[in-house]
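Each chain is listed here by its residues.
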Amino acid sequence: MALLFLSSCSTENDVTNDTELNAVYAKTSSKTDYMVILKSESIPDGFEAEMESIGATIKSTIPEIGVLVVSSSENVSNKISKKGNVRSVVPDLNVQWIEPSDFAPLASPLSIGSDEFYFDLLWGMDAIDAPEAWNTGQTGAGVRIAVLDSGMDGTHPDIAPNLNTGLSASFIEDEDWQVQPGSYFNHGTHVAGTIAAADNEIGVIGVAPNAEIIAVKVLSEFSGSGPFSSINAGIVYAADIEADVINMSLGATLNKNGKFYDEDGNFTDKIPSKYIQEIVHAQQRAINYAYRKGVTIVVSAGNGGENFDGNGSTIKLPASLNNVISVSATAPESWIENPLGDLDLPASYTDYGRSHVTVSAPGGDFDSPSDFWFYDMVLSASPGGWFFSAGTSMASPHVAGVAALIIGKNGGQMDPHEVTKQLTNTADNIDGNGASLYHGKGRVNAYRAVTE
């Protein structure tokens, strides 16, 4: 992920024996956090007390999918794994889902976005025909979008009008969903701005400028890392508060052989492969829970420049899971010097593959030879102002916004399968006759999505 700050006038990374595991993941004490995954998607009466009686400390539970997080010694975790109603006990790995950062000619028609101060720089809105969609009266009103990310600046003038602070929540220990004050890049705020920055004549405008957004903090705002249990709990929470759309601009790459990148970006192969399978299973449970409750789930495809076709040993979470819309990134080249040029070039970093990508959307890039390369990135809100950034993290919220427009047009509730079908059926066929290596079913088109 590349960043540039605009004063106030994302590459996501990839992710055998028990004694080695404990040595690697032991913290300052002899206890480690584990996910206890039950065979059933519920927690039976008395099970938590039983865990505590054998020496495990219950840290959190996700009863909707039959998962507990416990702090225990390795001996105790082995005892838990032998119980008849337990499917598996795996380390609650803390991995880096987004990269931390220390950074600080108009083709669209007149529309409600035209009076936003930075509207002329939002080439992505032009690429997906968002202004044309707004001109039909569709702005995402009545739709609730949960942004599972690194928190949010709830005081930002582009975010505050559409943010439900009462429902916003954090699943990261000792961190509030409201990020620290200051002027800096915050991933969650930037993503939220692309989805639903308000129509208020300030800064930028989102794809669904009248949708409601909820901040669900599942990653640390300081490191971009978080445990798998936080992601899973955030998904379930978003479903339980009746979100219509979940956006997850985050990703971890795991290898079925047990290799992954930890929270510090260090590569390790000391995780038994069976643990990887169980971690994937637990997250798929959470996704399925939300999907069954009617939530459309939009995720970033990943920023590793990797082809996932025929790559059976590699898993990208959550993009490789069922019941999600996986989004690759597009970009122009030297846009500020050639505003009528192609806006649909595959971004240099985007993960791809016909089996991996559902649709593409503007994510921006930073490889232009132009001195003004940063204009090829995506501009959105961030604490203290507005930032340019690039990544599939920036592409996913464009699609989440279009999903909100579709749902809003259909009365505020819609089966996620139908939303996905409408997104893919109305996407612009960039190449590959609707089965493109880089674009999947095509690049999303907001106007077609609400008129066809």
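Everything below is about the structure shown above.
A. Summary view of the side chain of Gln-284. The residue Gln-284 is located in helix α8 (residues 273-292) in this model. Note on Gln-284: relative accessible area 14%, which makes it buried. If near-sequence neighbours (up to four positions away) are discounted, Gln-284 is found in contact with Leu-321, Asn-322 and Asn-323.

B. Here's a closer look at helix α6 (residues 187-196). Within α6, ten of the ten residues are buried, which leaves the element mostly enclosed by the surrounding structure. Among all positions of α6, only His-187, Gly-188, Thr-189, His-190, Val-191, Ala-192, Gly-193, Thr-194, Ile-195 and Ala-196 are buried.

C. Expanded view of the packing of aromatic side chains. The tally for this structure, following the rule as stated, stands at 13 aromatic pairs. Each ring, one from Phe-117 and one from Tyr-118, has its centre 5.0 Å from the other, and the planes form 85°; the classification is edge-to-face. Given a relative accessible area of 56%, Phe-117 falls into the exposed group. By relative accessible area, Tyr-118 is classed as buried at 6%. Three or more aromatic residues joined by ring pairs make a cluster, and in this case those are Phe-372, Trp-373, Phe-374, Tyr-375 and Phe-388.

D. Focus on the pairing of strand β17 (residues 325-331). Burial of β17 is extensive: seven of the seven residues sit out of reach of the surface. Burial along β17 is two-sided: Ile-325, Val-327, Ala-329 and Ala-331 facing one way and Ser-326, Ser-328 and Thr-330 facing the other are all buried. Two strands pair when backbone bridges link them, and strand β15 (residues 296-300) and β17 are joined in this way by three bridges, in the parallel orientation. Looking across to β17, one finds that Val-299 is bridged to Ser-326. Two elements, β17 and strand β19 (residues 359-362), share four bridges in a ladder whose sense is parallel. Each residue of the ladder has a partner; that of Ala-329, found in β19, is Ala-361. Two strands pair when backbone bridges link them, and β17 and strand β18 (residues 345-346) are joined in this way by two bridges, in the antiparallel orientation. From the neighbouring strand, Thr-330 faces β18, where its bridge partner is Pro-346.

E. Up close: the nonpolar core. Core analysis: the largest hydrophobic core is formed by 66 residues, its most contacted members being Ile-213, Val-399, Val-402 and Leu-423. Take this core: its biggest share by element is ten residues, from helix α9 (residues 392-409). Ile-37, Ile-65, Ala-238 and Tyr-275 belong to the second-largest nonpolar core, a separate cluster that totals 50 residues.

Conventions we followed
- Residues numbered from 1 in each chain as written.
- Predicted model: local features only at pLDDT ≥ 70, side-chain atom pairs only at ≥ 80, totals over all residues.
- Heavy atoms only, no water.
- Helix = DSSP H or I, 4+ residues; strand = E, 2+ residues; numbered from the N terminus.
- Buried < 20%, exposed > 50% of the residue type's maximum accessible area, 1.4 Å probe, protein only.
- Contact = heavy atoms within 4.5 Å.
- Phe/Tyr/Trp six-rings, centres within 6.5 Å; stacked < 30°, edge-to-face > 60°.
- Pairing = 2+ DSSP bridges.
- Core = buried A, V, L, I, M, F, W, Y, C linked by side-chain atoms within 4.5 Å.

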